[in-house]
Amino acid sequence: MASFDTTHIISLLVPLLPLAGFFGYFLYGDKLSESKVGTLASGWVILSFLLSLVLFGQIPVDGAIQVNYFNWMQAGSFTVPFAFQIDQLSVIMMMLVTGVGSLIHIYSIGYMHGDNGFSRFFAYLNLFIFFMLLLVMANNYVLMFAGWEGVGLCSYLLIGFWYKNPEYSAAANKAFIVNRIGDLFMLYGLYMIFKHFGTFVYSDINGMAQSVFNADTAIIGIITLLLFAGATGKSAQIPLHTWLPDAMAGPTPVSALIHAATMVTAGIYLIIRSNVLFALAPLTNEIIVIIGLATTLVAGMIALKQNDIKKVLAYSTVSQLGLMFFALGVGAYAAAFFHLLTHAFFKALLFLGAGSVIHGMHGEQDIRKMGGLSGKMKYTHITFLIAVIAIIALPPLSGFFSKDYILASVFGKSPVLWFFGALSGLLTAFYMMRLYLLVFKGKSRMPEADAAKIHESPSVMLMPLYVLAGLSALGGFMNIPSIFGGSQWLENFLKPVVSLSELHIDHGTEWILMGISTVLVLGIVFWTYNMYVKKNDVPESDAVLATMPFANFLNRKFYFDEFYDAVFSQPLLKFSTFIQKWIETSIVDKVTDSFGMLSFFLSGQVRKLQNGHISFYLFAMVLGILGILTIFILL
Amino acid sequence: MGVLLTLLIPFISAILILLAGKNTSQKLAVMSTAASVVVTGILTAMYFKDGAVIAGVDWPWVSSMGIRFHLEADGVSLLLLLISNVVALISIYVSLGDNYKNVHQYYALILMMQAFMNGVFVAQDLILYYIFWELVLIPAYFLLLGWGRHDKIRSVTLKFFLYTFLGSLLMLVGIIWLGSYNGTPDFSLNAIYGLSLTTNTQIAVFAAFMIAYAIKTPFFPFHSWMADTYTAAPAPVTILFSGVMSKMALYSIFRFVLPVVPDAIATYGPFVMQLAAFSVLYASLMALAQKDIKRMFAYVSMAHVGLIVAALMINNIEGVHGALMFMAVHAIVTSGLFFTAQILFRMKGTHDIYSFGGIRQYMPVFAGLYMVVLFASIGLPLTNGFIGEFMILTALLKANTLAMVLASISIVIGAVYMLLTYRKVMLGQDNTSGNFSDLQHNDKFLFLSIAFVIIFMGIYSTWITQLCDNTVLNIFQP
Amino acid sequence: MNETLITPDLVMAVPLEHYIAVSAILFSIGIIGVLMRRNLIVMFLSIELMLNSVNLLAVAFSIYHNDSNAQAFVFFIMVVAAAEIAVGLAMLVMIYRNIRTIDIDALKQLKW
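The structure presented is a predicted model; accordingly, all values stated were derived computationally and were not measured. (Residues numbered from 1 in each chain as written. Chains lettered and ligands numbered in written order. Predicted model: local features only at pLDDT ≥ 70, side-chain atom pairs only at ≥ 80, totals over all residues. Heavy atoms only, no water.)

J.: Sorry if this is basic, but what is going on with the overall build of chain B here?
T.: Looking only at helices and strands, chain B has 19 helices and 2 strands in total. Scored against the burial criterion, the 478 residues of chain B give a buried share of 66%. Taking contacts inside chain B between residues at least 6 apart in sequence as the whole, the part at least 24 apart equals 81%. Accessible surface computed for chain B: about 15,000 Å², of which carbon and sulfur atoms make up 64%. Charge separation in chain B, taken as the distance between the mean sites of 22 positive and 19 negative side-chain charges, equals 11 Å. (Helix = DSSP H or I, 4+ residues; strand = E, 2+ residues; numbered from the N terminus. Buried < 20%, exposed > 50% of the residue type's maximum accessible area, 1.4 Å probe, protein only. Contact = heavy atoms within 4.5 Å. Areas by Shrake-Rupley, 256 points an atom, 1.4 Å probe, with all protein chains shown as cover. Lys, Arg positive; Asp, Glu negative; His and termini not counted. Charge placed at Lys NZ, Arg CZ, Asp CG, Glu CD.)

So, in structure tokens, the structure goes:
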């Protein structure tokens, strides 16, 4: 073990401080006042953020800091170190997690005000930050998997935070179990990695990848497919996407932090982290492209017909994540990561804005009952608008740069793929504008009495909105493409981790593509404005919706849930009861018991000899003696 | 002498408790088990310090038949002693929360069982080992018969006794065969290790031993005594059964099967491995179908031990280390699970999952601790459950892909049944009435300790591997 | 053991075969008695007859083989037989007091 220097201590403190916050909850419990608990919990994360900044400054230009603590598991040739790797990729993720995390902690002080589980909520959030940091800081797959499952645990805890509601706890179970299915495949991937590489450490594996690949081309393909299957679970890609919309049962800050900004991007992080392996597996990349594209389009279409403000955002998240995978599949790792960052900013902002609306409307989430809120919630409205412009990719906000980067990279691969990517962008524009206009513009659709009670959120909730709005607006400047004379700082910074991204197209074509998509998005903006503000259309009520086949199909989310329930959940339960009834009790138990029964039967037969007549016994005895004597004499 | 102490302390305390009567038995039992844990801890510390086998006693016993009273503890024995004594302590602590009839007899029998189980783990002579092995059955039988809770407790007890006894007899045949293989009878472990057996003999011995261990462990299809016995026995006894008694069989596979019949394992090991792996899947499905929470936990335990058997059959260093690790893990986790079932039982006098609901709001501490145990049971990282499971499955993939796949599906199914149960029992609105005060004093202390050990082992696990390393290396690199 | 036995000539006057024949007849009578009769007392008598036939044989062989061990055994047998009769008759009395008969077929309680 290397000697403990300051880097060791700092990088250990980064995840441990939030963990301290979690354990602190057991010490002070509900004894402290809300403001103290909130300040304390946020303080840990902010400290952690500052330490991440320190580490950011310490990263060598083309390398990584490896900090080794102890062996987590060890047996023979099998070793799993408890060690961190802090490189360009992980340090940005650390700053993202702790930075957005701190903002959402602060926001939650206002949002969770008066809740019974106030301090428990912050304990869970702190625990989540710890696991997320573990995930991004680990230097090997197993420790990363620890964080990976840990964030799943926190997601479970926070979705089911209001545990008295059975639907919420069902959603929590669903999230954990669906994630577990992905995790199972990921575990298979890890076992395979150990079988063929003999180690779990990223840097060792990256060094050996080429030679293992040369030995057997199928192996890398299988490993990467399994890892990707794990990623589909965590990042809510088809076919494992169904948990994320249900996960909106959790408090809104949770949706912002876990189900938009950080945890769901873990799958993208995993693939970028393993880009050396994925680069060697062309077939896997094809599959990722297909899955990513399918997810982004399907989720985009579903989002068109959702009427719950958080469900729209949830499907939007699924769709955006699909877009990122789409980019990963074509090898545009830096572009995907760039979009991950900008998406974290504006989607967190959207959720927090939505939270502010829900808070202001005292729990109402149906956009059909909102409308015209722009006057009543001025600051929420402005920040929400910034986020909307960012996500529909209008220049010069951050979403424009990142989405354009993805589309440009995709075009270099194939114009057909570009078309689908752009289509996804149009869907995004439509449902986001629909959401925005129905909530903030048009006429108020709620009863007068309710309308009077609507209030702007307190400043502790607005402050994080301002910061995130600033990041959403300016985040794109991290990676201004060369077409605008930028230096592509992010991509260059990531060079040591992500080596290949050579899909650039010439500037002329890029201008044309940008122009096309921007014009189309603007067209959609006007169309939706015309529809929802000028004509004052309101989405159909559920009863009307049921008469419209396609719309209903979208509203019911392509019937994924019903399908899974009928094909997997119910049969599994039925199958287990079947086994219990027909194998366990009817065969296994019966066979065992039949041995006992057999001996009872035989002894019953033998028992008939013992009829209790002494004279019979005597007779039998004499007969026996005679018999024995005869045998002796004859022999 | 230290090794002998681990037998004598519980044995003598058992007699003292019987003599002293009902009033002091709880105190004596706690003191005795605590002393056992301390003694075992000291022995372990000595082992870590010197790295030498802890010599016990080696007295001639039945010289004409080559039987010696030989006790000794190496690393693996020490691990099992730790498991046995810690679980016995847990068991006694769980017992404190309930009122048992004839309380002095009850505690005396538990301590007897502990003493004999310790004997199994340190005996260096196969006949001595066999005697301890069977002696364990006697207190187990009376504990089940006298304090069990079942409509047909007699037939449950009889089934348990006869079934496990039948298996043991096969093992006795195997032992006598091994001991007299060279003409002059010698049952000492070293002599057995020194034998060079023909392949056919190995297969016969392997079959005789493995059937005994398959029943005791138990794994599919030899498990039909298990669910009833585990459900009927009082919770502390169930903890002993699943925490330690099943380990007797697993330990014996490690000690008497792997080194003695390598050829047979090379031929039939994969079959047993796949059977055990199938047993994991089967038990998980069974757990999913249960409506009685204790019965469900019984099947959970069966799933876990099946995984250990599969790992042992890999017969290499990584697999065996994984198995030993998971033995320690399973002992703690299963104690926690059955303790949970017992706490629920104390509330409403039933184990029926559907008669609970909404307990979370009244008992936050219990809810949190139950959750720690639950997640350890389904192998969440940073709990000890993950360590064992991960080590085993990694090794299993290298050895046998089919077995790995069969065994690993329970990762998902486990999450399903555990979370569904937790939701039904703990979450939701209150639809129950009963005694809902949160954990107090002993219970709280015990449950907190279990949770602490679960997380501690989940983060710092290598000490177990180090403890066993020399013994394991001796087997694989003689 | 090796010292020569002082053998009465009277005993040696009868050939060994005759002793064997007599004791065989006695023994058979005893067996038949035990098997055929239902009265416990008669059965006891028959058993005694069998015992004594064996005693006779033992004594005869003892003399013809010049080995005194058998004679010692005979004394043992006589003593044990006496004790057995004492216990047996006592049981018989008890049986009679309980079930008012000494017919052997009335005793079926041996079967549970």
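More follows now that the structure is in view.
J.: Hey, could you run me through the interface of chain C and chain A in this one?
T.: Interface size is often expressed as the accessible area that is lost when the parts come together. On the side of chain A, 11 residues touch chain C, which itself brings 12 residues to the contact. For the chain C and chain A pair, buried surface summed over both sides reaches about 1,000 Å², with 70% attributable to carbon and sulfur atoms. Remark: the boundary between chain C and chain A carries 0 salt bridges. On the surface where chain C and chain A come into contact, there are 0 residue pairs in polar contact (both at pLDDT 80 or more). For the side of chain C that touches chain A, the element with the highest residue contribution is helix α2 (residues 16–36) of chain C, accounting for 3 residues. Grouping the constituent residues of the side of chain C that touches chain A by class yields 8 nonpolar, no polar and 4 charged. (Buried area = accessible area lost by both parts, 1.4 Å probe. Salt bridge = Lys/Arg side-chain N within 4 Å of Asp/Glu carboxyl O. Polar contact = N/O pair within 3.5 Å; in protein donor to acceptor, adjacent residues only side chain to side chain. Nonpolar A, V, L, I, M, F, W, Y, C, P; charged D, E, K, R; others polar.)

J.: Could you clarify how one ought to interpret the pairing of strand β1 (residues 54–62) of chain B in this entry?
T.: Remember that side chains alternate between the two faces of the sheet whenever the strand is regular. Residue and element names in this part refer to chain B. Here β1 pairs with strand β2 (residues 67–73) via 6 bridges, running antiparallel. Paired with A55 across the bridge in β2 is E72. Joining the antiparallel neighbours β1 and β2 is a turn of 4 residues, in which G66 adopts a positive phi near 70°. (Pairing = 2+ DSSP bridges.)

J.: Mind showing me how you'd approach the interface of chain B and chain A here?
T.: In this complex, chain B contributes 53 residues to the contact, which on the side of chain A involves 53 residues. In this assembly, chain B packs against chain A so that about 4,900 Å² is buried in total across both faces, 72% of it on carbon and sulfur atoms. Contact with chain A buries area across many residues of chain B, yet B:L382, B:F390 and B:R423 alone supply 12% of it, more than any other trio. Linking chain B with chain A are 1 salt bridge, by the criterion used here. Summed over the shared surface of chain B and chain A, the number is 18 residue pairs in polar contact (both at pLDDT 80 or more). Its residues placed into classes, the side of chain B that touches chain A shows 34 nonpolar, 14 polar and 5 charged.

J.: Help me understand the domain arrangement of chain B, please; the structure alone is not making it clear to me.
T.: All names here are of chain B. Split into domains, chain B comes out as domain 1 (1–253) and domain 2 (261–478). Measuring from the centre of the C-alpha atoms in domain 1 to the corresponding centre in domain 2 gives 21 Å. Summing both sides of the interface, domain 1 and domain 2 together bury roughly 4,300 Å²; the carbon and sulfur share of this comes to 76%. On the domain 1 side of the contact with domain 2, L79, F206 and F220 bury the most area, a combined 14% of that side's loss. Inspection of the domain 1/domain 2 interface yields 2 salt bridges. Here D228 ties to R295 by a salt bridge, and the two come within 3.1 Å at their closest N and O atoms. (Domains from an automatic or database assignment.)

J.: Looking at this structure, I do not really get the packing of helix α3 (residues 75–96) of chain B against helix α13 (residues 317–348) of chain B. What am I missing?
T.: Two quantities define a packed helix pair, namely the angle between the helix axes and the distance between the axes. All names here are of chain B. Where α3 contacts α13, the two axes come as close as 10 Å, and the packing angle between them is 5°. Relative to α13, α3 is oriented roughly parallel. Two secondary-structure elements touch here, α3 through V76, L79, L80, I83, V86, V87, I90 and V94 and α13 through L324, M327, A328, A331, I332, S335, F339, Q342 and R346. Counted by class, the contact of α3 with α13 contains 14 nonpolar, 2 polar and 1 charged residues. (Axes fitted to C-alpha atoms, helices over the stretch in contact; angles between N-to-C directions. Parallel < 35°, antiparallel > 145°, perpendicular 65-115°, else oblique.)

J.: What am I meant to see in the nonpolar core here?
T.: It is characteristic of soluble globular proteins that their nonpolar side chains tend to be buried jointly. Counting 441 residues, the largest nonpolar core has A:W72 and B:Y213 as the members making the most contacts within it. Among the nonpolar cores identified, the runner-up in size contains 12 residues, and A:V622, C:M43, C:F44 and C:L92 belong to it. (Core = buried A, V, L, I, M, F, W, Y, C linked by side-chain atoms within 4.5 Å.)

J.: Can you walk me through the side chain of A:T428 in this structure?
T.: As for its placement among the helices and strands, A:T428 is situated in helix α18 (residues 415–440). The contacts of A:T428, once residues within four sequence positions are left out, are A:S319, A:Q320, A:I391, A:I392 and A:K403.

J.: When you look at the pairing of strand β1 (residues 65–75) of chain A in this model, what are you seeing that I'm missing?
T.: Residues and elements named next belong to chain A. Pairing analysis gives 9 bridges linking β1 to strand β2 (residues 78–86), with the strands arranged antiparallel. Counterpart to Q66 in the pairing with β2 is Q85. Where β1 folds back on β2, the antiparallel hairpin that results is connected by 2 residues, among which G76 adopts a positive phi of roughly 60°.

J.: Could you clarify how one ought to interpret a nonpolar patch on the surface in this entry?
T.: All names here are of chain B. A surface patch of nonpolar side chains, amounting to about 520 Å² of accessible area, comprises L5, L8, I12, I15, L16 and L19. Examined against the element boundaries, I15 turns out to sit in helix α1 (residues 2–20). Classification of I15 by relative accessible area gives partly exposed; the value is 36%. (Patch = residues over 30% accessible without salt bridge, like charges linked within 9 Å, V, L, I, M, F, W, Y side chains within 5 Å.)

J.: Looking at this structure, how should I read the pattern of salt bridges?
T.: A side chain with one charge can pair with a side chain of the opposite charge if their charged atoms come near. Tallied over the full model, the rule gives 12 salt bridges over all chains. A salt bridge links B:K49 to B:D50, with the nearest nitrogen and oxygen atoms 4.0 Å apart. Connected via shared salt-bridge partners are A:K174, A:D246 and A:D561.

J.: Is there a simple way to explain the environment of A:Y431 in this structure?
T.: Residue and element names in this part refer to chain A. For Y431, the position within the fold is in helix α18. A residue is classified by how much of its surface remains accessible, and Y431, at 0% relative accessible area, is buried. Residues Y431 and I392, 39 residues apart in the sequence, show an inter-C-alpha distance of 9.5 Å. With sequence-adjacent residues up to four places away left out, Y431 is seen in contact with G300, A303, L304, V312, S316, S319 and Q320.

J.: Whenever I open this one, unusual backbone geometry confuses me. Can you help?
T.: Trans peptide bonds make up the majority, and among non-glycine residues the majority have a negative phi. Omega for the peptide link from A:I238 to A:P239 comes to 10°, which places this bond in the cis form. With respect to the secondary-structure elements, A:P239 resides in the loop between α8 (217–234) and α9 (243–246). Phi at B:N102 takes a positive value of approximately 45°, unusual for a residue other than glycine. Take B:N102: it is sitting in the loop between α3 and α4 (103–122).

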